[in-house]
Amino acid sequence: MFEHFEYWATLALFLLGLYGVLAKRNLAKKLVGLGIVQSATILFFIVLGLREGGTIPIVPHHAGHEPLVYMSPLPQVLMLTAIVVAVSTSGVAFALLIRIYRTSGTLDEREVLERLP
């Protein structure tokens, strides 16, 4: 029914996160939306590395084998690094949210901006 379902799924996930970032007033919900956008982006790059009928890029030792279609390991390697960066930046962002809540008493972005000196 759907051709290239994985691309549509990542687009839907990206749009869901974008909605969370743009439409919500709570800073924690915005941060969760950013996490969803990051996950959708990582998933998209991993899906780009897929090949129909592809196998892992390990060449068999025996001679006379037919050429196979290999999947590129580069997107997986790069996205593993992106996951580590995303986790660390999310940790720092949640720590900042805790600090904002302790100083202003709320996470509503309008109220936080009103209480700034």
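Residues numbered from 1 in each chain as written. Predicted model: local features only at pLDDT ≥ 70, side-chain atom pairs only at ≥ 80, totals over all residues. Heavy atoms only, no water.

Draft legend 1. Summary view of the pattern of salt bridges. Applying the stated criterion across every chain, the model contains three salt bridges. Of the charged contacts, one joins D108 and R25 as a salt bridge, the two residues approaching to 3.1 Å between their closest N and O atoms. Within this pair, whereas D108 is found in the loop between α3 (74-104) and α4 (109-114), its partner R25 is found in the loop between α1 (5-23) and α2 (27-48), the two being separated by 83 residues in sequence. The salt bridge involving E111 is made with R115; its shortest N-O contact spans 3.9 Å. (Salt bridge = Lys/Arg side-chain N within 4 Å of Asp/Glu carboxyl O. Helix = DSSP H or I, 4+ residues; strand = E, 2+ residues; numbered from the N terminus.)

Draft legend 2. Broad picture of the packing of α2 against α3. Where α2 contacts α3, the two axes come as close as 10 Å, and the packing angle between them is 180°. Put simply, α2 runs roughly antiparallel to α3. Listed contacts from α3 to L27, A28, L31, Q38, I42, F45 and I46 of α2 are P75, Q76, M79, A82, I83, A86, T89, S90, A93, F94, L97 and I100. In the contact of α2 with α3, the residues fall into 15 nonpolar, four polar and no charged. (Axes fitted to C-alpha atoms, helices over the stretch in contact; angles between N-to-C directions. Parallel < 35°, antiparallel > 145°, perpendicular 65-115°, else oblique. Contact = heavy atoms within 4.5 Å. Nonpolar A, V, L, I, M, F, W, Y, C, P; charged D, E, K, R; others polar.)

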